[in-house]
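Structural description and commentary
The lines below spell out each chain.
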Amino acid sequence: MACVALLICTSLHAQEYNFTPTKQKKVRMEFGIGLDAVYTNIESISNDNIALTPRIGFGGHFDMGVCIGRNFAIETEVAYQRGSLIAKVNSGDHDHKVKTTTIDIPVLLSLRVANQHLRFVAGPVFSVMNKAQYASDDTTYEFGPTCPTWNVAAGVAVCFGGHFQLEARYIYPLKTTLNQLDGIEFNTKAARITGGFSVLF
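Residues numbered from 1 in each chain as written. Predicted model: local features only at pLDDT ≥ 70, side-chain atom pairs only at ≥ 80, totals over all residues. Heavy atoms only, no water.

1. Overview of the nonpolar core
Core analysis: the largest hydrophobic core is formed by 13 residues, its most contacted members being L52, L85, A87, V98, F143, L181 and F186. Going through the elements one at a time, β2 (50–54), β4 (72–89), β6 (118–136) and β11 (184–200) are the ones with two or more residues in this core. Considering every element that reaches this core, the biggest residue donor is β4, with three residues. Grouped together as the second largest cluster of nonpolar side chains are five residues, V121, V125, A153 and I171 included. (Core = buried A, V, L, I, M, F, W, Y, C linked by side-chain atoms within 4.5 Å. Buried < 20%, exposed > 50% of the residue type's maximum accessible area, 1.4 Å probe, protein only. Helix = DSSP H or I, 4+ residues; strand = E, 2+ residues; numbered from the N terminus.)

2. Details of the pairing of β4
Bridge analysis of β2 against β4 gives five bridges, and the strand direction is antiparallel. Looking at the pairing, A51 lines up with K88 of β4. Here strand β3 (residues 56–68) hands over to β4 after three residues, with G69 in that stretch at a positive phi of 70°. Across 14 bridges, the pairing between β4 and strand β5 (residues 96–113) is antiparallel. Directly across from I86, in β5, lies its bridge partner K97. In this structure, the hairpin formed by β4 and β5 is closed by a connection of six residues. (Pairing = 2+ DSSP bridges.)

3. Describing the packing of aromatic side chains
Per the counting criterion, the structure on display carries seven aromatic pairs. Between the aromatic rings of F31 and F201, the centroid separation amounts to 6.4 Å while the plane-to-plane angle is 20°, which identifies the pairing as stacked. Taken together, the residues span a long stretch of sequence, with F31 in strand β1 (residues 27–44) and F201 in the segment after β11 at a distance of 170 residues. With a relative accessible area of 54%, F201 lands in the exposed category. Between F164 and F197, the aromatic rings sit 6.1 Å apart at their centres with planes inclined by 15°, giving stacked as the arrangement. On the criterion of sequence distance, the pair formed by F164 in strand β9 (residues 164–173) and F197 in strand β11 is long-range, its members being 33 residues apart. (Phe/Tyr/Trp six-rings, centres within 6.5 Å; stacked < 30°, edge-to-face > 60°.)

Okay, structure coming up:
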């Protein structure tokens, strides 16, 4: 009887105090949605007579990541951004407001440290759509793309509260783009700096 009582007590004690650590899945999915601000540092590299002044644009993104263990992930997203810049021919008499629309799809490798609160990302960014137009005398003209299809990016993010993330990213173009203003053709190069807030789930 004493042995039976000891076994029952041991079983109850083991149920009350479970010391087996909970294992996190080695491969799991992560999703997110958020808002962005973007600054495009665009400049004419073939014609000094063209003056370009960027403005801050805004947009949103949907994220998806494949997490591998606790320290690595492959992240991708669809980012939609609207922006504008002021373009002028130095010899001209007025400015043109160029409105831009961009859809980016980055594919980034993510390194996660400090219990996944600090994240570093790097990888290619594919600009699948980039459209820029300006109006003059009630007529809309094509300015040309403000960023190429192929870009690379690097960034850092801070996660807090379990489901929130702040991220800054630098996007560098791998090619120049051909643009036109008032019939003048020129090449531009545009690096972008983005800042975003995401909700992860």
